[in-house]
Amino acid sequence: MLRKALLFISLISWSVHAHCGSLYEDLGGREGIATVVDNFITEISFDPSIYPFFSKTNVPRLREKLEEQFCMLSGGPCEYTGDTMEKVHTGMHISSAEFNRTVELLQSAMDDAGVPFTTQNRLIRLLAPLREEIIRR
Amino acid sequence: MPWAVMSGYADEGETAAGAFYTAVDVQDFRLRVTGVTLSYDNRVEVSAAQQAFEIKGVAGDIRQEIFSAKVRVAGDLIYGSMPQIATGVQFKNLLDGDIAEAVGADAADAGMDGYVSFTRLHLGAVGGYNLLWNLSLRATKANQMGLLGYGGDENAGYQLMPEASVAVLLDNGLAVGGEYRQKPDNLSAFSEDDFMDIFIAWFPNKQVNLTLAWADLGSIAGSEKQSGLYASLSAFFY
Ligand code: HEM
């Protein structure tokens, strides 16, 4: 009985896993992530409340580091070579409203890239724990 | 239904002001609620509402005013390790207390509820969809939310009533869910049931929210099996 139950549970979790696929693949791999990051940077550059933070930023570097970070977090074959979130965002005094706005810009970037809502949620879920290292510093 | 989230989308340092209108239509009754709400800093919220409860075929509504204040005390809806926790009070003024008096309510003029609410959104929790839940504990004496007064011959004191909701966000502007609300049963004249509903909520933008629900309100003032449609519209102007 117990063995049957365990088998059943492992079958369920297997099918759930099989259904989800790796987030990296669902984001469209390296190419899909590049599109998302491109759109994200465009969204930022048109947003009057967020753009000022980036007015002196080296955009090619930002693009590269974001691509690496999203790729690594989503389980792709990359290594993040940028600075720590804490180090990068310290001194910017980013408010929680500005953080939320930036997440919205990322969501529109993913909308424009055709990333499904459920895949968007899974990426944002991985970014959420970084918030404490980013805001109010 | 008190949640630990503040009305509107006011973040730190921001203000949100809004108005809402709710109508519930069941077999023998109709309830209309009109109100205004103001929140600041994602921290405090005050609101004022008037309920008009109509007994179909009988002239004269039962009106009740509700003044509420709520403060977020800890946690966060999405981030960190703790759910968002808020606590609030509702002062209720029964403007038409004749029926409450007639059915044996302990008080037919005014009452107060206090509550604590826990709310959390889990990103991507169900097959990638976001899951939202709320649990509230309300200390109340109210009979049918206060429309039949506060306290009664069977129980005149405060009781702790749990209220729970769960919803799944189907996309950025659409949620479906259900709610269960335990209620006191203070009057020997009428038995009172718990409320439950299933709802669909639409947020086309940050200014507007439309919620439709099918509500099962049980026995109300001697009329059994009251159920029907619930509709609520809120609009926010910053
Ligand atoms: C989940 C949210 C966020 C993530 C994952 C994130 C990630 C990153 C990454 C990977 C970099 C590049 C690091 C490097 O160059 O070594 C970066 C840089 C930067 N971030 Fe963020 N960030 C987030 C939120 C924000 C927010 C909310 C703001 C401001 C409103 C912001 C402002 C900046 C700026 C201005 C830079 C460039 C710094 C420079 O010019 O050197 N970030 N971020």
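Shown above is the structure to which this text applies.
Residues numbered from 1 in each chain as written. Chains lettered and ligands numbered in written order. Predicted model: local features only at pLDDT ≥ 70, side-chain atom pairs only at ≥ 80, totals over all residues. Heavy atoms only, no water.

Chemist: Mind showing me how you'd approach the pattern of salt bridges here?
Modeler: Oppositely charged side chains are able to pair whenever their charged atoms sit close together. All names here are of chain B. Enumeration according to the criterion identifies 23 salt bridges over all chains in this entry. The residue arginine 63 makes a salt bridge to aspartate 96 at a minimum N-O spacing of 2.9 Å. Of this pair, arginine 63 sits in strand 4 (residues 62-74) while aspartate 96 is found in the loop between strand 5 (84-94) and helix 1 (98-102), placing the two residues 33 residues apart along the sequence. The partner of lysine 183 in a salt bridge is glutamate 192, and the shortest N-O contact between them spans 3.0 Å. We classify lysine 183 as buried; its relative accessible area is 7%. Residue glutamate 192 is classed as buried on the basis of its relative accessible area of 9%. Through salt bridges with shared partners, one network takes in Asp25, Arg30, Arg32, Glu54 and Lys56. (Salt bridge = Lys/Arg side-chain N within 4 Å of Asp/Glu carboxyl O. Helix = DSSP H or I, 4+ residues; strand = E, 2+ residues; numbered from the N terminus. Buried < 20%, exposed > 50% of the residue type's maximum accessible area, 1.4 Å probe, protein only.)

Chemist: Looking at this model, I keep getting lost on the sheet that holds strand 9 (residues 174-181) of chain B. Mind explaining?
Modeler: The strands making up a sheet associate through hydrogen bonds between their backbones, and the pairing can be parallel or antiparallel. All names here are of chain B. If you trace the 12 strands once around the closed barrel, you get 1-2-3-4-5-6-7-8-9-10-11-12, paired in antiparallel fashion. On average, adjacent strands in this sheet sit at an angle of 20° to one another, irrespective of strand direction. Taken together, the 11 bridges between strand 11 (residues 208-220) and strand 12 (residues 223-237) define a ladder with antiparallel strand orientation. What sits directly across from leucine 210, in strand 12, is leucine 233. (Pairing = 2+ DSSP bridges. Axes fitted to C-alpha atoms, helices over the stretch in contact; angles between N-to-C directions.)

Chemist: Just checking my understanding: could you explain the coordination of the iron atom of the ligand for this structure?
Modeler: Reference values for angles at a metal are 109.5 degrees in the four-donor tetrahedral case and 90 or 180 degrees in the six-donor octahedral case. Of all protein atoms, His89 of chain A (NE2) alone acts as a donor to the iron atom of the ligand, lying 2.1 Å away. Within the fold, histidine 89 of chain A resides in helix 5 (residues 85-89). (Donors = N, O, S within 2.8 Å, 3.2 Å for Na, K, Ca; no water.)

Chemist: Please clarify how the state of the cysteines should be interpreted in this entry.
Modeler: Among covalent bonds in proteins, the disulfide is the one between the sulfur atoms of two cysteines. All names here are of chain A. One pass over the full model with this rule turns up one disulfide over all chains. Between cysteine 71 and cysteine 78 runs a disulfide, and the two sulfur atoms are separated by 1.8 Å. Across the disulfide from cysteine 71 to cysteine 78, rotation about the S-S bond amounts to roughly 70°, and the bridge is consequently right-handed. Given the relative accessible area of 3%, cysteine 71 is considered buried. (Disulfide = S-S within 2.5 Å.)

On their own, these measurements won't tell you what the molecule is for.
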